[in-house]
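Topology and contacts: notes
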Amino acid sequence: MKKFLSLMLIVVMVFALAACGGDKDKKDEPTGGNAIDYDAIADTMESDDGTYELAFVTDVGQLKDGSFNQFTWNGVKAYASQNELSYKYYQPANGNQATDTDRFDAMKSAADAGAKIIVAAGFLQEKAIRQAAEAYPDVHFIFIDGGITDVDNIASVSYKEEQAGYLAGYAAAMEGYTKIGFSGGGGGSNPACERYGYGFVQGVEAGAAEKGTKVEMRYSWEYGANFSASQDLQAMLSGWYEAGTEVVFMCGGSMFQSGTAAAGANDGAIIGVDVDQSGQSDTVVTSAMKDLAGSTMDVIKGHYDDKWADFGGKVTTFGAAEDRVGIPTDTWKLKNWTVEDYNALFEKVKSGEIEISADLVSDPSTVEWKNVTFVK
């Protein structure tokens, strides 16, 4: 399947650590499968014996965040539904103020309720998932956006966000935007956001070179440390638009809300992150996506196919080669660059013909660019 984009079309997000949010939940497809209507699969069920085989522990935010939580959960409940397994989600106490103890307690509740697999989303889960994996050595844990390699019953999943960012940046330049912004979460220390951002600038550079244009870039981690919307962030972005910025890549959970508010008030545009966020705002022109549901299902399947050794104790990184990153084509809004041209570019990224640096560069203005100039 060449065009994961069409397949991924719904992944929408707002997770407090690398994305935004959405509402288009019905057409997401894992690679090689038919479209899954996730809304048709109940979020809650009652097992006959009160135990639940598959469990999901949410990241900060709500389960139905239209983003990171929701689309990871989609993968859990879809696999369970397709294979007639019981399933349940658990939300750590204290919401966005959850502690490591709150997260561990949620995992403990899942394990005590019979979970054979516990999926946990978001890098903040690391300490708790390590503790839970030690306490429950017979349970398999899947750590989405994690990086644990020394615990055999934890399978960590990461993504080549730099590829998704590159594709979105290239699209922005080819559309004809010459004043572009990036607003990131995590204060410049979140690896997923750093990869998205640096890949994005690489894509803008390549697209501008192809188109023969020069681009002004505003690039900031301000007001994004907690991945939250704020009046300060909205004011900063409004200032960008008033100064001529045409489109901003919003890469930081619910920061997306500040971005769409600023864009809407200033006739600007937004690029979404992690999932197709076009259903959340008319300001969204495209999104840099990763297939949270499909990749979650891939690793769960590994457990049931007796192939846990392929995943446990290591980080499995999904990218274009696995059709797990891209930009959406089913909701295409770009007017000056075609789906066909995008597919051709995607194939070059997928094959490795186009190489994209995954270096963690929080300040791309320190790198030399020919077609991108950074401005304040």
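Residues numbered from 1 in each chain as written. Predicted model: local features only at pLDDT ≥ 70, side-chain atom pairs only at ≥ 80, totals over all residues. Heavy atoms only, no water.

Right, let's get into the overall build of the protein. Within the protein one finds 10 helices and 13 strands. The C-alpha radius of gyration computed for the protein amounts to 20 Å, which stays within 12% of the reference 21 Å derived for 376 residues, consistent with globular compactness. By principal-axis analysis of the C-alpha atoms, the protein measures approximately 65 × 40 × 35 Å. When burial is assessed residue by residue, the protein has 61% of its 376 residues classed as buried. If you take every contact in the protein between residues at least 6 apart in sequence, the share linking residues at least 24 apart comes to 70%. Approximately 14,200 Å² of the protein is accessible, and the part contributed by carbon and sulfur atoms is 43%. The positive charge centre, built from 30 side chains, and the negative charge centre, built from 55, are 4 Å apart in the protein. (Helix = DSSP H or I, 4+ residues; strand = E, 2+ residues; numbered from the N terminus. Rg over C-alpha atoms; globule rule 2.2 N^0.38 Å. Buried < 20%, exposed > 50% of the residue type's maximum accessible area, 1.4 Å probe, protein only. Contact = heavy atoms within 4.5 Å. Areas by Shrake-Rupley, 256 points an atom, 1.4 Å probe, with all protein chains shown as cover. Lys, Arg positive; Asp, Glu negative; His and termini not counted. Charge placed at Lys NZ, Arg CZ, Asp CG, Glu CD.)

A few words now on the packing of aromatic side chains. What the rule picks out here adds up to 19 aromatic pairs. Between Tyr159 and Phe318, the ring centres sit 6.2 Å apart and the planes meet at 35°, which makes this aromatic pair tilted. Of the two residues, Tyr159 sits in strand 5 (residues 154-159) while Phe318 sits in strand 11 (residues 314-318), which places them 159 residues apart along the sequence. Here Phe318 falls in the buried class, since its relative accessible area comes to 5%. Ring geometry for Phe182 and Phe249: centres 5.6 Å apart, planes at 70°, overall edge-to-face. Note that Phe182 is positioned in strand 6 (residues 179-184) and Phe249 in strand 8 (residues 247-251), a separation of 67 residues in sequence. Exposure remark for Phe249: the relative accessible area of 0% places this residue in the buried category. (Phe/Tyr/Trp six-rings, centres within 6.5 Å; stacked < 30°, edge-to-face > 60°.)

This part is about the sheet that holds strand 12 (residues 325-326). Overall, mixed pairing links the 7 strands, which are arranged 12-10-9-8-6-7-13 in an open sheet. Of all the strands in the sheet, the pair left with one neighbour each is strand 12 and strand 13 (372-374). Taken together, the 2 bridges between strand 10 (residues 284-290) and strand 12 define a ladder with antiparallel strand orientation. If you follow Lys290 over to strand 12, its bridge partner there is Val325. Relative to strand 7 (residues 215-220), helix 6 (residues 191-211) is tilted by about 175°, and along the sheet it contacts strand 6, strand 7, strand 8, strand 9 (269-274), strand 10 and strand 13. (Pairing = 2+ DSSP bridges. Axes fitted to C-alpha atoms, helices over the stretch in contact; angles between N-to-C directions.)

Attention now goes to the pairing of strand 7. Within strand 7, 5 of the 6 residues are buried, which leaves it mostly tucked inside the rest of the structure. Note that strand 6 and strand 7 share 5 bridges and pair parallel. Bridge pairing in strand 7 places Gly181 opposite Arg218. Handedness of the β-α-β unit built from strand 6, helix 6 and strand 7 comes out right-handed. Where strand 7 meets strand 13, 3 bridges bridge the pair, whose relative direction is parallel. Bridged to Glu216 within strand 13 is Thr373. (Right-handed = clockwise from strand over helix to strand, strands pointing away.)

Taken as a whole and judged by the stated rule, the model has 15 salt bridges. The closest approach of N and O atoms between Lys290 and Asp145, which form a salt bridge, is 3.4 Å. Separated by 145 residues along the polypeptide, Lys290 in strand 10 and Asp145 in the loop between strand 4 (140-144) and strand 5 bring together distant segments of the chain. The partner of Asp305 in a salt bridge is Lys301, and the shortest N-O contact between them spans 2.5 Å. (Salt bridge = Lys/Arg side-chain N within 4 Å of Asp/Glu carboxyl O.)

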